[in-house]
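Examination of the molecular architecture
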Amino acid sequence: YTDVVQEYFDGLIGADKRIEPRDAMPEGYRKTLIRQIAQHAHSEIIGMQPEANWISRAPSLRRKAILMAKVQDEAGHGLYLYSAAETLGVDREELLDKLHNGQQKYSSIFNYPTLTWADAGAIGWLVDGAAIMNQVPLCRCSYGPYARAMIRVCKEESFHQRQGFEILWTLSNGTEAQKAMAQDAANRWWWPSLMMFGPPDTGEAAAPGGHTEQNMAWGIKRFSNDDLRQKFVDMTVPQAQKLGLTLPDPDLAWNEERGHWDFGPIDWDEFWRVLKGDGPCNEQRITHRRTAHEDGAWVREAANAYAAKAAAKQEV
Ligand code: FAQ
């Protein structure tokens, strides 16, 4: 049986066709997709917290309305992604439990604080910018439900990226204090954004037992972490120049020979520390998340009671 499954699966992957929930698939493929999609879904909902911190203090009604819509979009992305994960035979409840008890991760980036209004701009510009760079290739991921969810997610992320750029554009064309605020936010978010792409492909800081090679063979990842990181740097440096902001890296220099921007070393110790739970906001994010879940228990109970009543009525 396993050989037949493997042969059928390899045939689909080899022909660059999509694997659908009805298709038999190797256990390793199913497991790695659950891991990645769950981590991605958790990131979307934990990622609501840093920007939500500024909704009540956005500088105008227009900015407040836009930010509320943006944060709500992230909740929507979480919902598509939990649904995509459920097509692999797991339960949303189980995934949330694993987030809450630390068995599953969310992106390192959301463990950093949003100290000023400019951080709402820097998140849109850099964090959503990095997310798009990583997620556009996922629209061609071999698992159908994940790939399709990514199409809409990427469209919305592009809008988010532009709204972030526009916040920083306004600040960097404003007063000296506003310019300084924009620069400070860019300084704090630049390196953590580069870490979003994951550990380096090679060298001392590479992940022991990293997933890239296998995931590329399975058509889940289309580019390696370092390739996407370089694409992101190449896209973002000219945007920083347009904004009149300096990126906090003295080694940033155009390399004519490579046709890419060179950049300085990333602090991978910081990355692994944040992943292990020791970032500036890990504790706060997960505590807030657990509390929100507990506070929402009555909504889930009411929805279940309503569904049970509706089902009983239908049976009569
Ligand atoms: N944070 O071998 P690899 C967003 C882990 S965007 C935490 O390279 P893989 C939008 C990795 O899980 C953010 N952990 O692994 C938004 C693995 O650990 P494990 C979410 C990380 O899977 C914007 C280990 O390191 N986007 O939410 C990180 O092949 C604004 C070894 O790594 C996605 O999740 C990290 N940065 O590649 C929302 C995209 N990087 O599980 C709100 C989908 C690596 O073995 C506001 N995910 N690790 O214990 C992916 O593309 C991949 O999973 C990677 C990692 C590229 C993140």
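Structure: above.
The paragraphs below set out a description of the structure included in this document. (Residues numbered from 1 in each chain as written. Predicted model: local features only at pLDDT ≥ 70, side-chain atom pairs only at ≥ 80, totals over all residues. Heavy atoms only, no water.)

When helices and strands are tallied, the chain shows 13 helices and two strands. In terms of C-alpha radius of gyration, the chain reaches 21 Å, essentially the compact-globule figure of 20 Å for 316 residues. Projected onto the principal axes, the alpha-carbon positions of the chain cover approximately 70 × 50 × 35 Å. Residues classed as buried in the chain amount to 48% of the 316 residues present. Within the chain, residue pairs in contact and separated by at least 24 positions form 78% of the contacts whose partners lie at least 6 positions apart. Surface exposure of the chain reaches about 16,100 Å², of which carbon and sulfur atoms provide 56%. Averaging the coordinates of the 35 positive side-chain charges in the chain and doing the same for the 43 negative ones gives two points 6 Å apart. (Helix = DSSP H or I, 4+ residues; strand = E, 2+ residues; numbered from the N terminus. Rg over C-alpha atoms; globule rule 2.2 N^0.38 Å. Buried < 20%, exposed > 50% of the residue type's maximum accessible area, 1.4 Å probe, protein only. Contact = heavy atoms within 4.5 Å. Areas by Shrake-Rupley, 256 points an atom, 1.4 Å probe, with all protein chains shown as cover. Lys, Arg positive; Asp, Glu negative; His and termini not counted. Charge placed at Lys NZ, Arg CZ, Asp CG, Glu CD.)

The next subject is the packing of helix 6 (residues 118–135) against helix 7 (residues 144–172). Contact geometry of helix 6 with helix 7 gives a least axis separation of 7 Å together with a crossing angle of 145°. For helix 6 against helix 7, the interelement crossing comes out left-handed. A class-by-class count of the residues in the contact of helix 6 with helix 7 yields 13 nonpolar, nine polar and two charged. (Axes fitted to C-alpha atoms, helices over the stretch in contact; angles between N-to-C directions. Left-handed = near helix turned anticlockwise from the far one by under 90°. Nonpolar A, V, L, I, M, F, W, Y, C, P; charged D, E, K, R; others polar.)

Along the chain, A38 falls in helix 2 (residues 27–46). Distance in space between the C-alpha atoms of A38 and A84 is 9.1 Å, their sequence separation being 46 residues.

Attention now moves to the site of the ligand. Taken together, 37 residues lie near the ligand, and K105, S108, H211, K221 and N225 sit nearest. In the model, an oxygen atom of the ligand is placed 2.4 Å from a nitrogen or oxygen of the K105 side chain. Among the elements of the structure, helix 2, helix 4 (61–86), helix 6, helix 7, helix 9 (212–217) and helix 11 (268–275) are those that each provide at least two residues to the shell around the ligand. Take the shell around the ligand: its biggest share by element is six residues, from helix 2. Looking at side-chain class alone, the shell around the ligand contains 13 nonpolar, 15 polar and nine charged residues. (Near = heavy atom within 4 Å. Polar contact = N/O pair within 3.5 Å; in protein donor to acceptor, adjacent residues only side chain to side chain.)

Examined against the element boundaries, Q49 turns out to sit in helix 3 (residues 48–52). Taking relative accessible area as the criterion, Q49 reaches 13% and is therefore assigned buried. A polar contact of 3.1 Å, which involves the side chain of Q49, links it to the backbone oxygen of R285. Non-local contacts of Q49, meaning those with residues more than four positions away in its chain, are made with Q284, R285, H288 and R289.

What follows deals with the pattern of salt bridges. In total, this model carries 17 salt bridges according to the counting rule given. The salt bridge involving E27 is made with R30; its shortest N-O contact spans 3.0 Å. In this pair, E27 and R30 are both assigned in helix 2, three residues apart and thus about one turn of the helix distant. Under the relative-accessibility criterion, E27 is labelled partly exposed at 41%. For R30, a relative accessible area of 23% puts it in the partly exposed group. Measuring nitrogen to oxygen at the nearest pair gives 4.0 Å for the salt bridge that ties R62 to E166. Here the residue R62 occupies a position in helix 4, and E166 occupies one in helix 7, the gap between them amounting to 104 residues. (Salt bridge = Lys/Arg side-chain N within 4 Å of Asp/Glu carboxyl O.)

Before going further, it helps to examine the nonpolar core. If you look at the biggest cluster of nonpolar residues, it comprises 77 residues, and the most contacted ones within it are Y29, I37, W125, Y143, Y146 and W189. By residue number, the principal contributor to this core is helix 6, which donates nine residues. Apart from the residues lying within four places of it in its own chain, the contact partners of Y146 are L33, Q36, I37, H40, L81, A84, L138 and C141. (Core = buried A, V, L, I, M, F, W, Y, C linked by side-chain atoms within 4.5 Å.)

Along its 20 residues, helix 8 (residues 176–195) runs 30 Å from first to last C-alpha, staying within 8% of the 28 Å computed at 1.5 Å per residue. At W189, helix 8 shows its largest bend, some 35°, and a proline, P192, comes one to four positions later. On its buried face, helix 8 is in contact with helix 6, helix 7, helix 10 (225–243) and helix 11. (Expected span 1.5 Å × (residues − 1). Bend = angle between axes of the 7 residues up to and from the residue.)

Turning our eyes to something else, we now look at the environment of W261. Counting through the fold element by element, W261 comes out in strand 2 (residues 260–262). Taking the C-alpha atoms as reference points, W261 and Q163, 98 residues apart in sequence, are found 25 Å from one another. Those residues within four positions of W261 in sequence are excluded, and the remaining contacts are Q230, V233, D234, V237, Q241, L252, A253 and W254.

Tracing the backbone through its elements, the reader meets D23 in the loop between helix 1 (2–14) and helix 2. Within polar-contact distance, the side chain of D23 engages the side chain of Y8 at 2.9 Å. Among the polar contacts made by the side chain of D23, one reaches the main-chain amide nitrogen of E20 at a distance of 2.8 Å. Excluding its chain neighbours within four sequence positions, the residues that come into contact with D23 are Y8, L12 and R18.

Where helix 11 is concerned, the buried positions are W268, F271 and V274. One side of helix 11 holds all its buried residues, which, seen down the axis, span an arc of 120°. Structurally, helix 11 contributes buried residues whose contacts are with helix 8, helix 10 and helix 12 (282–295). One side-chain oxygen at the N-terminal end of helix 11 lies 3.2 Å from the backbone nitrogen of D269; it belongs to D267. G277 occupies a position one or two residues after helix 11 and carries a positive phi of about 110°. (Arc of directions from axis to C-beta.)

Note that all results are geometric; they support no functional claim without further evidence.
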